Structures are given as C-alpha cells and as structure tokens.
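# Observations on chain architecture
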Amino acid sequence: MPVPARPGLCAARLPESNRCITDLATAPIGALAADSSVLAAQKWIDAVIAGESGRAAAEIFNDLEMMANWLQRTLDESDVEGLDRVVSEGWKSRPPVQPGATAGSWQAALSASVAAVIVLEGQILAGQHDQAAIDRLRTLGRRHTETLHVRPRTMDPNQFRGLSLTMHNRLLRAADPDLDLTDRIRFRSCTPVARLPQTDESAARARWIPQMFWPEWTLRLLPEGMVPELFRAAASAIVLLAGQPDHRIRVATQHLHPYLQRYLLGHTLKSAIQNGNPQILEVFCRIADYLDTEGSPIDYQRRREMVTADMLTEDDWLRICYRTGTNTGERGPKAAPTPRVRQAQRYLVQLLTGADLSNPDHPLSWTRGAQRSRYYQAVESFPPEQRQALRDHGRAVLRALGIREPLTWSPPEDICQDLHLPGPRLGEIDLKAVHRLVHVENRSMIQTAAALGTNHTHIRFALDLIEPKRNRSQPSSRGSNWKHRERARTLLTAEFFKREYTEAGKTAGTIAKELDMPRDIVVEFARKAGLTLRQSPRPVDIDPDWLQDQYVNHKRSTLSLAEEIGTEDMTILRRLRQLGIPIRPSGVHSSKVMLAQLPDDAPADIKKAVQGTRYGWLRLARFQAAMEFPNLNLAGEALGIVPSALVTQLARLEADIGAPLFHRSAKTKNGAPMSPTERGAEILAALSRSEIQALAPPGEFVLHRENLKWTTSRLDRTNDKSPGHPPDAPGQAHSA
C-alpha cells in the first residue's frame, strides 16, 4: 500500500501514474475565475503531462523544481503585473526564500499563486523555443550582476547541477557574450550544442591534431597581420580546449604545446574577432566535435613518436637531387649557413608530423628567428620536382614504419559550410601563375601574393600543389655529385690510394682528372682511407719569360698553364705574384671575350658595346634582329625569349653606348612601330658589314633571319595594322 503524500501535494507528477493518492480534502478550497493565472498554469502543466511540449515532462518539472528558489529571488513585481489580482497579491505577500532552502521543499512551502508565477515563467524558460528562453535567462541573470556567469549568481550550486542538459545549454548560451573567449570554447557556448564538460577528452583528441594547424584551415581563419606560425600553433591548442573540464589552459595545451605561452590562445581568438571573424569560435568547436565523432585517418601522435630526422639521410637527399636534376645545396663558396639537406629534413618532418619547430625540445628546432627565416626561404626555393620527390620519400618512410595512412589530411571544410570564413580556399588560385612568378621569374612570396591578389601564406601553401614537369632535363652539376660519390665508393679504396698516390706519386688533382671526378671527393675518400695527404705539391721549375709571355700576351688562364706543365693553378698564381705580374680578376673577367680589344678603326659605338663585357656581341645581334619587327613582343617571340629579357638587354646596350638606339612603338591601336634612332641606324649599318662581323669571336654573332622563329601569320596581321610595314616585307624599312 503506497504511503499517502503530504496534504496538498500531488505525487502523480509523471505520465506513468494514473492515480493521485493525495488527500485533497485537506487542501484549501477557493473559487477561481475563468481567466485565472492559476488555471492557465495548470493547463500548461496538463499539456506537458500529455506530451504536447516537445520535451519529457519529468525533465521540465525537474528544471522548474531546481529553478524555483532562484526564480523567487530573481523575479520582481514587474513580472506579475499582467497576472490576475489574486496571483499578483499572493506573489507580493510570499515569504522570503530561506538561505540553504532545498529544491524539494518548494512545493509544500509555496502557495498556489507563487507556484503559478513560477510555472508561467517556466513556460518560457523550459518551453520549446530556445532563443526566447535564452533571451529571458539573460534578462533575469543581469538583474543581479552586469556580467553573467555559467551558473546564475543567486542559484544554488547543487540546484544548478541538477538541471537538465537542455537547461544547461540555454544558461550557457545566455551567458556566452560575457564569458572569457577560452571559456566559450570550453563550454561550446557559442554553438547550439553548448554543454557542461564532463570528462577530459583533450588527450584522446590530441592524437588526431598536428602541432601546426592544417594549411587549409589556416588560410580560412588566419587573422590579418598575425604571424602564420604562431597562429597555427595556437589554433591546434585551441581545438583541445573544447569540452575541457579544467579551466586551466595548461591542462589542455600540455598534450601538444607545453612550451606555448598561455596568453597566445586568447590573443589569437581576440585578433580573429577584431578582424571581422566572430564565427571562429564555433569553427574550432565544430572541428573538435568532428574529431571526437569521426576521428582522423592520421594518428599524428604515433608519427610524432616514430618519424625522425634521420629518415632523410644525406645520401637520400643527394639521390633525390640527382634524380630530379635540382640543387643539393652542398657546401661551397655560396653555401647557405644551414645545409640544404637540413632544411629538407625539417620540411619532411613537418609535412609528416605537423611538428612545430619552435618547440625548443624538438631535435630540428630553430633557436633564433634568423634560422626560421632561412628555413622558409629554402623551402620556398624548392622546385616542384624536388617537392614531389620529398613527398614520395615521405610515403616510403611511412610504409617502412608500417603506417598505412594518407600522406596529409585535414577535416573537411563542409562542416562549416553554413558559416562565413573570411580567408581564401587553398585550391582557389592559379597554380600556373604561382609557378611562373616564383620559380621562373624568381619573385618573392610578397610580390607574388600582390600580383595574384592574395596573401603570402596562400602562396607558400600553394607551392605544394604545383605538379612537376615530367620532361626534366639532365641532372645539374651539383646533383651529379651523388653519381660521383657512388663511383668513388667503388673505386677509391685503400688499395687504390696505396697504388696510385703512395707508390705512383700521383697528386689528388691528377687522380681526380684521370677519373673525371671532383678533387674534393678524392680528398674526402683519401682521408676516409686513413691517408695523410701532402700539404703542397712537388716543386715545379717555371720559366719566368715563358710565363709572362703566355699569361700577359696570349691571355692564357692559370688553369691551362698549370695543366700544360703538370702542376696546380695555385702554383701558377703564386709564381705570378713572385714575379710581380698583375693578376687578372678571376672568373669571367679573365675570359678572352672580356679581354679582347677591337682595332682602332672599328666604330666607336661597337667598341663601347663589346669591350670589357661578356655578352656585348649577343646584345648587338639581338638589337639588329629586333629592328626587323614592329614591336618588342613580336621580336622576343621570334628570338625565343620573353620580351622583358629583350627589354633588359637592349636597355643595357643603350647604357653601354650612352644614347637611345631606337624609338619605342606606340601603344595605340594604329600607333607607329618601333624604329632605330640616327645613332641606332649607324650601328645597324656597321653590323651589316662583313668586316665588323668578323671581329666577333666564333659563335658570338650568329643571328640571321633564317634562324629566327618567324610567326608569319601573326606578324602579317600585325603589319596590316602597322603603318610603314607592307605585309610582304615585314620590317624592311628598318633594315640597315
């Protein structure tokens, strides 16, 4: 037999019970008007019990029970002005809520009038319309404080914890504008799925997140003016905050960035919002929810533990460069302070693991800002063939480690398709234009970005998307060093050096020439074989008169003289200094073309153009050929060079001579074609004479009309529109 409830208290609050065992005879009796607020409250209760509210009746009544004391403290007389007189007076005469009053005592202590007010307020707070409930909670919450908190200020903590998930959601969303930015992520209060954190999910989620945020999402979210590397590190840490029960940021960030400054997370969110991206908070929450429900095809934590720098050895790097015909960056006069293979290791490790190389504990980390700048400069200079080879090597590394995962991945962008993200999409860029500007014209990231109307971070990420050309030319001389080393491993043994160097008395330079191999490789393997090399060659007797005649009068190089008498070129240089013979500048300045002098009767302008310069004759030849065309665009096409290069060469020619050589073509529709000036016509006339052409070194002045890449149909169309050029004789008026 069930125990009867207290007088006036109905125990049948759930739809499962059809009997009310309360002794209604003990309850006070009073007549209610048809428009009574008490009856309106009862009708809503009946509708809730009947399931017409859209939510479970037990959940709604539980929320009213937990919020009753808070509502009594919060509602004022203005909230009951529209109710009938009986209820209004009953509310005003209610006893004060005692401190520490439990939620379970509210039914017995409240009068029907007070209960009706609470129930009618519950129609809004616990009703079907989220936004109406959120707005009302925000209004009520601000009656006691200007800044809202997750738990209303006057609500008992136990009663707050007893609320339903729905009511927690509404309270969090009501307080969202006043919460700290990182707390808005923790509670997801900026999203429709706001909830109180229950368990720490950051450790499990960290496995699916790289230390450096995904490039695709970085582009969409990066605040203007913020350093991309700082944003990428902070963004990955922010994703770990979602659902974090502990308000201490360090608890979440320790999984990926124990070295990260705490303020950076809030600074990143604040910068994004100030730059017009208030939805960035919801983006981070959605990414976290996606990883919690769908996971990721890449276990970054496993990669961070298994992938190391030695996955790309120096031999691997040389093999890649030789196969692709690209620069190895080996040490030399112009070698970078950091070996290029080191930068390639950093690129590969960051590609596979998403590592933040600002982490001081990482083996490949940089310790100074200059190192970071040099790294990005090196990576930006990697041509597409080199990048693709490194990515292929990365796939091989993963297979060797038993990791069957895609090379890279990022959460799909369609999880935020209904949100406005200010940044560009990674694939929305002309990759051919990027390749041309960066790799062909050697423009900087900033210049390329300005030309394409985007930011330099977009250009940097887009370089990984450029497909390499398949018809690659022969390997470069630096890349071929790998081939020499492979031969050296076979040939340059200890027995070989004993026979050739020790017994036969050959020098390292002689051995290198006989094997067609760089001398430094011979020296390197000789030392590996335990050989002590002679520090200086054997003395060579050099005739001073012969040396002066050959070097000064015949303009021979020190290398050719050294080869003739079987010594080193440094020996020749030392002997020249001992004899007081002036040394010519090294390199191209000592070439015959640079030292050649034309006869006194040669035209003065021809002398100015070619004497003391390496490509003077080539510039003259191209000037002569260009004057056959109405404009430089057609001339460049015929010569097989880009017009900008031709413009540069002709400008240099005019600078050497010291006068304009031709009139530029007018850019109007029917403008005049380019034509030589009086000075230019004199030079053209001189170049047409065979005795002048004979002064050029062999092969330096070989441009003839039959060698040009004529584009007849296009030229004819241009001539039809260009006065002074009949279609049957293009450029004839300019021939000299």
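Bear in mind that the values here come from a model prediction, so they are computed numbers and not experimental data. (Residues numbered from 1 in each chain as written. Predicted model: local features only at pLDDT ≥ 70, side-chain atom pairs only at ≥ 80, totals over all residues. Heavy atoms only, no water.)

What follows is about the overall build of the protein chain. Within the protein chain, the secondary structure is distributed over 38 helices and 2 strands. Burial status across the protein chain gives 46% buried among its 736 residues. Sequence-distant contacts, at least 24 apart, represent 67% of the contacts inside the protein chain between residues at least 6 apart. Approximately 38000 Å² of the protein chain is accessible, and the part contributed by carbon and sulfur atoms is 51%. (Helix = DSSP H or I, 4+ residues; strand = E, 2+ residues; numbered from the N terminus. Buried < 20%, exposed > 50% of the residue type's maximum accessible area, 1.4 Å probe, protein only. Contact = heavy atoms within 4.5 Å. Areas by Shrake-Rupley, 256 points an atom, 1.4 Å probe, with all protein chains shown as cover.)

For residues besides glycine, phi is generally negative; the peptide bonds are generally trans as well. Phi is positive for Asn442, which is not a glycine, with a value near 55°. Exposure remark for Asn442: the relative accessible area of 62% places this residue in the exposed category. At Asp516, a position not held by glycine, the phi torsion is positive, near 55°. Here Asp516 shows up in the loop between helix H26 (508–515) and helix H27 (519–528).

To continue, consider the nonpolar core. Ile185, Phe213, Trp214, Trp217, Leu221, Phe284 and Ile287 are the most contacted members of the largest nonpolar core, which totals 45 residues. Only helix H9 (181–186), helix H11 (215–221), helix H12 (228–241), helix H13 (249–253), helix H14 (263–274) and helix H15 (280–294) provide two or more residues apiece to this core. Counting residues per element, this core draws most heavily on H12, which supplies 9 residues. With near-sequence residues (within four places) excluded, Trp214 lies in contact with Trp208, Ile209, Arg232, Ile287, Leu291, Tyr300, Trp409, Ser410 and Pro411. In terms of nonpolar packing, the next biggest core, distinct from the first, is built from 43 residues, Phe61, Ala68, Leu148 and Ala175 among them. (Core = buried A, V, L, I, M, F, W, Y, C linked by side-chain atoms within 4.5 Å.)

Our next topic: the packing of helix H33 (residues 616–626) against helix H36 (residues 678–687). Relative orientation of the contacting elements H33 and H36 amounts to 105°, with a least axis distance of 10 Å. Classified by the angle their axes make, H33 and H36 are roughly perpendicular. Between H33 and H36, the contacting residues are Trp617, Leu620, Phe623 and Gln624 on the first element and Gly680, Ile683, Leu684 and Leu687 on the second. When grouped by side-chain class, the residues that make up the contact of H33 with H36 number 6 nonpolar, 2 polar and no charged. (Axes fitted to C-alpha atoms, helices over the stretch in contact; angles between N-to-C directions. Parallel < 35°, antiparallel > 145°, perpendicular 65-115°, else oblique. Nonpolar A, V, L, I, M, F, W, Y, C, P; charged D, E, K, R; others polar.)

Moving on, we get to H36. Buried residues of H36: Gly680, Ile683, Leu684, Ala686 and Leu687, and no others. Burial along H36 is one-sided: seen end-on, the buried residues are contained in an arc of 160°. Where H36 is buried, its residues meet helix H32 (604–610), H33, helix H35 (643–657), strand S2 (675–676) and helix H37 (690–693). (Arc of directions from axis to C-beta.)

Each aromatic ring pair is described using two quantities: the centre-to-centre distance and the angle formed by the ring planes. Applying the stated rule across the entire model yields 11 aromatic pairs. Aromatic side chains Trp366 and Tyr375 sit 5.3 Å apart centroid to centroid with 40° between the ring planes, which places their arrangement in the tilted category. You can call Trp366 buried: its relative accessible area is 9%. Given the relative accessible area of 1%, Tyr375 is considered buried. What links up through ring pairs into an aromatic cluster is the set Phe213, Trp214, Phe231, Phe284 and Trp409. The aromatic ring of Phe187 is capped on one face by Arg186, whose charged end is 4.7 Å from the ring centroid. (Phe/Tyr/Trp six-rings, centres within 6.5 Å; stacked < 30°, edge-to-face > 60°. Lys NZ or Arg CZ within 6 Å of the ring centre and 35° of its normal.)

By secondary structure assignment, the location of Ser88 is in helix H3 (residues 85–92). Put simply, Ser88 and Ser113 are 25 residues apart on the chain and 7.4 Å apart in space, counted from C-alpha to C-alpha.

All right, on to the confidence of the model for the protein chain then. The share of residues in the protein chain with pLDDT of 70 or more is 82%, and the mean pLDDT across the chain is 81. Averaged pLDDT values over the elements of the protein chain bottom out at 42 in helix H38 (residues 712–721) and peak at 95 in H11. Counting contacts from residues 103–109, a segment whose pLDDT is below 50, to residues more than four positions away or on other chains yields 13 contacts. (pLDDT = per-residue confidence, 0-100.)

So, about the pattern of salt bridges. Any two side chains of opposite charge can pair if their charged atoms end up close together. For the coordinates displayed, the defined rule picks out 40 salt bridges. By sharing partners, the salt bridges in this structure join Arg188, Arg195, Glu201, Arg205, Asp289 and Asp292 into a single network. (Salt bridge = Lys/Arg side-chain N within 4 Å of Asp/Glu carboxyl O.)

Among the secondary structure elements, Arg487 is positioned in helix H24 (residues 481–491). Note: C-alpha distance between Arg487 and Met517 (30 residues apart in sequence) is 9.0 Å. Those residues within four positions of Arg487 in sequence are excluded, and the remaining contacts are Leu515, Asp516 and Met517.

A few words now on the packing of H12 against H14. One can describe the packing of H12 onto H14 by two numbers: an axis separation of 9 Å at closest approach and a directional angle of 100°. Judged by the angle between their axes, H12 and H14 are roughly perpendicular. Here H12 contributes Leu230, Phe231, Ala234, Ala237, Ile238 and Leu241 to the contact with H14, which in turn contributes Leu264, Leu265, Thr268 and Leu269. When grouped by side-chain class, the residues that make up the contact of H12 with H14 number 9 nonpolar, 1 polar and no charged.

Residue position: Ala659 is located in the loop between H35 and strand S1 (662–663). Classification of Ala659 by relative accessible area gives buried; the value is 13%. Sequence separation between Ala659 and Gly680 is 21 residues, and the spatial gap between their C-alpha atoms is 8.7 Å. Residues within four places of Ala659 in sequence aside, it is in contact with Glu654 and Arg679.

Between its terminal C-alpha atoms helix H6 (residues 130–141) stretches 16 Å, which fits the 16 Å expected from 12 residues at 1.5 Å a residue. For H6, the secondary structure elements touched by its buried residues are helix H2 (57–74), helix H5 (112–125) and helix H8 (165–175). (Expected span 1.5 Å × (residues − 1).)

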